[in-house]
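Residue-level structure breakdown
So you can see what is in the structure, the chains are spelled out below.
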Amino acid sequence: MRLRDRTKFATYKRRGEWAELVFITIVRGLGFNVAKPWGDSAKYDVSVEKNGWFLRVQVKSTESWVGGSDGSYLCQLHGWDNRLYTPREVDYFACYVVPEDTWYIFPVARLLGLRTVGLTPRLKRQKYARYMEAWGLLTRRHVRQGKRTKMPSEKMRFNSMGRLTQRIIERLEGPCY
């Protein structure tokens, strides 16, 4: 599903709020408890909990298509004040490529020091393929092997394109309000 040709959001803030709602819908469907901090003061957008583990998630979204044959999208990783996030503030980034309806779940340490990340969901051998739709990372059932994280098996991976998400996207493709 490609929404690249037209946007439905008047501002980046509105798109971000919508992406947070989509994220919350997905993780609730996966059995997580969700808490949203009151106001805009917290450095993270959503707290998720499952089996007693709490994680702070910063939700990011992009429609910024860079072009090229690989269909790259740029996702900004800094806050409104241009300051980068730290592991003391955030545990994971959830980056949503809106036109492709694709999520990337990154441990914050993987993107430390980056202002933007280039995401190429259509490429088979992309740099961040192991983080695409990697909802299993949020369960903390993964194990460390040296400096790399072993991903859950394909059977344990989740897909964000549930029926509810599909209906939301279909409504977005309808008339603008």
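This is a predicted model, so every value here is computed, not measured. (Residues numbered from 1 in each chain as written. Predicted model: local features only at pLDDT ≥ 70, side-chain atom pairs only at ≥ 80, totals over all residues. Heavy atoms only, no water.)

1. Thoughts on the pairing of strand β5 (residues 72-76)
- Pairing analysis gives two bridges linking strand β4 (residues 65-67) to β5, with the strands arranged antiparallel. If you follow Trp 65 over to β5, its bridge partner there is Tyr 73.
- Pairing of β5 with strand β8 (residues 116-119) involves four bridges; the strand directions are antiparallel. In the sheet register, Tyr 73 faces β8, and the bridge partner there is Leu 119. (Pairing = 2+ DSSP bridges. Helix = DSSP H or I, 4+ residues; strand = E, 2+ residues; numbered from the N terminus.)

2. Things to note about the environment of Leu 21
- Tracing the sequence through the fold places Leu 21 in helix α1 (residues 12-29).
- In sequence terms Leu 21 and Val 59 are 38 residues apart; their C-alpha atoms lie 9.8 Å from each other.

3. Here we look at the sheet that holds strand β2 (residues 46-50)
- With respect to topology, five strands assemble into an open sheet ordered β1-β2-β3-β6-β7, the strand pairing being mixed. Two strands close off the open sheet at either side, each with one partner strand: β1 (33-35) and β7 (102-107). Strand-to-strand twist in this sheet, taken as the mean axis angle between neighbours without regard to direction, amounts to 30 degrees.
- When strand β6 (residues 92-97) meets β7, the two strands line up antiparallel, connected through six bridges. Pairing of Tyr 92 across the sheet is with Pro 107, part of β7.
- Strands β1, β2, β3 (53-62), β6 and β7 of the sheet are contacted by α1, whose axis makes an angle of about 135 degrees with β3. (Axes fitted to C-alpha atoms, helices over the stretch in contact; angles between N-to-C directions. Contact = heavy atoms within 4.5 Å.)

4. Quick look at the sheet that holds β4
- Across the sheet, three strands lie side by side as β4-β5-β8; this open sheet has antiparallel pairing. Bordering the open sheet on either side are β4 and β8, each of which pairs with just one other strand. Between one strand and the next, the sheet's axes are offset by a mean angle of 30 degrees, whatever the strand orientation.

5. Quick notes on unusual backbone geometry
- Even without a glycine there, the phi angle at Asn 82 is positive, about 70 degrees.
- Mapped onto the elements, Asn 82 comes out in the loop between β5 and β6.
- Among the residues examined, Asn 82 registers a relative accessible area of 46% and is labelled partly exposed.
- A positive phi angle is found at Asp 101, which is not glycine, with a value near 50 degrees.
- Position of Asp 101 among the secondary structure elements: in the loop between β6 and β7.
- Asp 101 sits in the buried class, given a relative accessible area of 7%. (Buried < 20%, exposed > 50% of the residue type's maximum accessible area, 1.4 Å probe, protein only.)

By themselves these figures say nothing about function.
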